[in-house]
Amino acid sequence: MVTWDGLKNKEIIVYGTGVNAAKCVYSLENNGININYMLDGREGIGKFKDYPVYMPSDERMDGKYIIVACTDETYKVIRERLHKYKEFKDFIYYNWLDKKMVFLHGNCHMDIIETYLNSSVKFQREYAVYPTPRICMDMPFDTAILRNIDIWIHEDIRTDNQFGYQFSDEYLRKFMTESAVEIIVPHLYGLGGGFFPFANDWNNKNTALLNGGDRVGMFPRRDTLIEQCLEKNMSLEQICSYVQGDGIFSSEDILQNFNTYITKIQQREKDWDIKISDFILTHYKTEKLFYDSGHPTNVIFEKISADILQILGISDWISTDLRLDSNEIPIYPWIRKVLGMEWTEECIRVSSNAKKCSDYMDIKEYIREYIWWCHPEMDEGG
């Protein structure tokens, strides 16, 4: 952690002259930190408040401690420009000053957890989350920054994970300091399959979006019920009626599948600092807990995030509008009936990032778009 006291014996320059720089200078002055001058890559009036403004150059930056004051996105660009200097040692983002650094490591689930944590005013006063790509993006990062991490919050990433050993807990732990606090959170990707006995396998008829850039596509999970109906040349109306009927799977099979996944979660959570199986068993009948087998709803993420804050000694109100429902799958009525679910839903994929072709997706529209996307050679049957 770079503290206010640690800055008092350094020659400080601030890189930036916008409103973020104003916030930065205000904080520095209020904490008794002297500022030498400002930097900005644009020609201008040469003044910021009472400080001179210069163009960035090695002559201006060498031997100084650089505080970068700009937006998060602009910082990523400036960080690349400062490649000859070491982050934290020679420069830092202004919003990380005098805060403990948090490293969130895992899949896309960590995006939701991060937004929940950052919605806490108390958390933001004491902590800052270091920006790193998620493991599912398969993008390496500079392990040198891990020596500056105070709180390591992560899923249990095994050595044989599909993205490589360099993303595993075992590998990253080598770069952490002994003083870093480690919090292992639930790793639930694929463990929601108890609610989707018909859609747990990858769909080889799903095509990518963004010219191959988005390999997840529209329907990454194969809906075995729809596929079986199409093999029988059933119409759209017939399929809709079939998937909402009783007896497709026996009650025993549905319950056995559900209990199998609960057991998997209970086994995995032995290594987690935050447990989740009891919460799932207590709430699944009254609230929707998974959008598909790989993506929990915010009911679960809020619970996990609140538990993280509790470990950090924080009790605060948290919220987020971000959801992982982009490829949501309906839990068919007969499954809800067997599992004793009391909640109902009229439509799915309701958030702004949801992947759908219509404004409103109910079960019929889900089936219609599934057929249209995965079986373009077939008539939609309507």
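It should be noted that the structure appears before, not after, this text.
A brief structural summary.

What counts and how
- Here the residue numbers are simple positions, counted from 1 along each chain's written sequence.
- Note on the predicted model: pLDDT of at least 70 is required for a residue's local features to be given, and 80 or more for side-chain atom pairs to be given and counted; whole-chain, interface and lining totals, by contrast, use all residues.
- In computing side-chain values, all of the structure's heavy atoms are included and hydrogens and water are not.
- Within this document, salt bridges are pairs made up of a side-chain nitrogen of Lys or Arg and a carboxyl oxygen of Asp or Glu, the two lying within 4 Å of each other.
- Burial classes follow relative accessibility: with a 1.4 Å probe on protein chains only, a residue under 20% of its type's maximum area counts as buried, one over 50% as exposed, and anything between as partly exposed.
- Grouping buried Ala, Val, Leu, Ile, Met, Phe, Trp, Tyr and Cys residues that are joined through side-chain atoms within 4.5 Å yields what is termed a nonpolar core.
- Segments assigned H or I by DSSP are reported as helices when at least four residues long, segments assigned E as strands when at least two residues long, and all are numbered from the N terminus.
- For this analysis, residues touch if any pair of their heavy atoms sits within 4.5 Å.
- Any pair of nitrogen or oxygen atoms within 3.5 Å is treated as a polar contact; in protein, a donor-acceptor pairing is required on top of that, and neighbouring residues in sequence qualify only through side-chain atoms on both sides.
- Multiply 1.5 Å by the residue count of a helix minus one, and that product is the helix's expected span.
- Think of it this way: DSSP has to see at least two bridges between two strands before they count as a pair.

**What to know about the pattern of salt bridges**
Any two side chains of opposite charge can pair, on the condition that their charged atoms come close. Enumeration according to the criterion identifies 19 salt bridges in this entry. Linking Asp5 and Lys8 is a salt bridge whose minimum nitrogen-to-oxygen distance equals 3.5 Å. The class for Asp5 is exposed, based on a relative accessible area of 57%. Taken together, the shared-partner salt bridges connect Asp58, Asp62 and Lys84 into one network.

**Observations regarding the nonpolar core**
Side chains of nonpolar character tend, in soluble globular proteins, to be buried together. Within the largest apolar cluster, 72 residues are counted, with the highest numbers of intra-cluster contacts made by Ile153, Ile308, Tyr366 and Ile367. Ranked by the residues each element gives to this core, the list is headed by helix H14 (residues 363-374), at 7 residues. If we ignore the near neighbours within four places in the chain, the residues touching Ile153 are Val102, Phe103, Leu104, His105, Met110, Leu117, Ile183, Val185 and Ile308. Core analysis: the second largest hydrophobic core is formed by 48 residues, Ile12, Ile67, Ala69 and Phe91 among them.

**Observations regarding the side chain of His154**
As for its placement among the helices and strands, His154 is situated in strand S9 (residues 151-154). Overall, the relative accessible area of 0% leaves His154 in the buried class. In this structure the side chain of His154 is engaged in a polar contact, spanning 2.8 Å, whose partner is the side chain of Glu182. The contact partners of His154, leaving out residues within four places of it in the chain, are His105, Met110, Asp169, Arg173, Glu182, Ile183, Ile184 and Val185.

**Comments concerning H14**
Across its 12 residues, H14 extends 16 Å between first and last C-alpha, which sits within 8% of the 16 Å expected from 1.5 Å per residue. Taken across its 12 residues, H14 has 9 buried, putting it largely inside the fold. On its buried face, H14 is in contact with helix H8 (224-231), helix H9 (236-243) and helix H13 (333-338). Its side-chain oxygen 3.3 Å from the backbone nitrogen of Lys364, Asp362 forms the N-cap of H14.

**Observations regarding the pairing of strand S7 (residues 100-105)**
Counting buried residues along S7, 5 of its 6 residues qualify, which places the element largely inside the surrounding structure. Pairing of S7 with strand S8 (residues 127-129) involves 3 bridges; the strand directions are parallel. By the bridge assignment for S8, Val102 is matched with Val129. As paired elements, S7 and S9 share 4 bridges and run parallel to each other. Note on S9: the bridge partner recorded for Val102 is Ile151.

**Observations concerning the side chain of His295**
Summarising the element assignment, His295 is placed in strand S12 (residues 295-296). For His295, the side chain forms a polar contact with the side chain of Asp292, separated by 2.9 Å. Those residues in contact with His295 that lie beyond four places of it in its chain are Cys108, His109, Tyr189, Phe290 and Leu324.

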